[in-house]
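The lines below spell out each chain.
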Amino acid sequence: MKQLSTNRKRLWIACMAFAASALVAGAALADQDRYTLTAPNGVAFSDFRGYDEWQYVAVSTTGTGIKAILGNPAMIEAYKKGIPGNGEPFPDGAAIVKIEWAKAPNPVSPYPVEIPTTLRSLSFIEKDSKRFPDTSGWGYAKFLYDPATRTFKHDGNDPSFGKKVCYQCHTAVADRDYIFTNYPLR
Ligand code: HEC
């Protein structure tokens, strides 16, 4: 009888451990794996893996948002060589991301200053002349963030979106290899 109750206790402990691990796994699954997403033109989130730890190029603000612009090592190296100001193009493998947040006054700051709040979107550009011959070698994708569901979704539903919308406007700076942002002194 004593033996039985010990076995029951063991079984109970095993069940609880299993339930707890299932809960943990469930919580992990609930968060979307952003790196599985791909825009209709083939520009994949995973092409930009680690983007959140890339070195910053510059920051910019609009009336309603704050943006951080970050480059991968190939992009930063090219900037340091003087590209695009020297008329040279960025090399294949260069990639740049623009992270945009909503902004609000910092409630604890003694002087007026605005800080990033909710994440809004990620805009990606990568250089690969073989994959993107129609857009001067640059592949474009934007992923919009929905804070309610904590998920990303690509912007634009057809494969020509990157060309018709993004590239179309970036041709304004064709003489700077389609990149607007400068690398300011720091
Ligand atoms: C109406 C013009 C316009 C459109 C459309 C546009 N951009 Fe830009 N983009 C800009 C300007 C201007 C900047 C620099 C100012 C800023 O936002 O900081 C910029 C900056 C960027 C940057 C930082 C590198 C750089 O060139 O300075 C990325 C990355 C970017 N855009 C991606 C995209 C993507 C992806 C799309 C399409 C979803 C897109 N852009 C559509 C005008 C545009």
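Residues numbered from 1 in each chain as written. Predicted model: local features only at pLDDT ≥ 70, side-chain atom pairs only at ≥ 80, totals over all residues. Heavy atoms only, no water.

S.K.: Now, about the coordination of the iron atom of the ligand: what can you tell me, with residues and values included?
M.R.: Among all protein atoms, only H170 (NE2) binds the iron atom of the ligand, sitting 2.1 Å from it. One can find H170 in helix α3 (residues 161-170). (Donors = N, O, S within 2.8 Å, 3.2 Å for Na, K, Ca; no water. Helix = DSSP H or I, 4+ residues; strand = E, 2+ residues; numbered from the N terminus.)

S.K.: If you had to explain the site of the ligand to someone new, which residues and values would you point to?
M.R.: Around the ligand, the structure places 20 residues, and the nearest of them are S60, C166, C169, H170 and T181. One of the side-chain nitrogen or oxygen atoms of K67 is found 2.8 Å away from an oxygen atom of the ligand. The contact in question runs from a nitrogen atom of the ligand to an N or O atom on the side chain of H170, over 3.0 Å. If one sorts the elements of the shell around the ligand by residue count, α3 sits on top with 5 residues. Per-class residue counts for the shell around the ligand are 13 nonpolar, 4 polar and 3 charged. (Near = heavy atom within 4 Å. Polar contact = N/O pair within 3.5 Å; in protein donor to acceptor, adjacent residues only side chain to side chain. Nonpolar A, V, L, I, M, F, W, Y, C, P; charged D, E, K, R; others polar.)

S.K.: Account for the sheet that holds strand β2 (residues 65-71), naming residues and giving values.
M.R.: Spatially, β1-β2-β3-β4-β5-β6 is the arrangement adopted by the 6 strands of the open sheet, whose pairing is antiparallel. With one partner strand each, in any of the chains shown, β1 (55-61) and β6 (151-154) form the two edges of the open sheet. When strand polarity is set aside, the average angle formed by the axes of neighbouring strands in this sheet is 25 degrees. Summarising the sheet, strand β5 (residues 138-146) and β6 pair through 4 bridges and their orientation is antiparallel. Of the residues in β6, the one forming a bridge with L144 is K153. On the sheet, helix α2 (residues 73-80) packs against β1, β2, β3 (95-105) and β5 and is oriented at approximately 80 degrees with respect to β1. (Pairing = 2+ DSSP bridges. Axes fitted to C-alpha atoms, helices over the stretch in contact; angles between N-to-C directions. Contact = heavy atoms within 4.5 Å.)

S.K.: Describe the nonpolar core, naming the residues involved and giving the relevant values.
M.R.: Soluble globular proteins: nonpolar side chains tend toward being buried together. Counting 20 residues, the largest nonpolar core has F45, Y51, L122, F124 and F143 as the members making the most contacts within it. Elements with a contribution of two residues or more to this core: β2, β3, β4 (114-127) and β5. Those residues in contact with F45 that sit more than four places away from it in its chain are R34, Y35, L37, Y51, L122, F124, F143 and F152. Ranked by size, the runner-up nonpolar core spans 19 residues in total, among them A58, I76, I125 and Y167. (Core = buried A, V, L, I, M, F, W, Y, C linked by side-chain atoms within 4.5 Å. Buried < 20%, exposed > 50% of the residue type's maximum accessible area, 1.4 Å probe, protein only.)

S.K.: Give me the environment of D177: which residues, what numbers.
M.R.: As for its placement among the helices and strands, D177 is situated in the segment after α3. You can call D177 buried: its relative accessible area is 10%. Look past the residues within four positions of D177 in its chain and what remains in contact with it is P84, P89, F90, K127 and W138.

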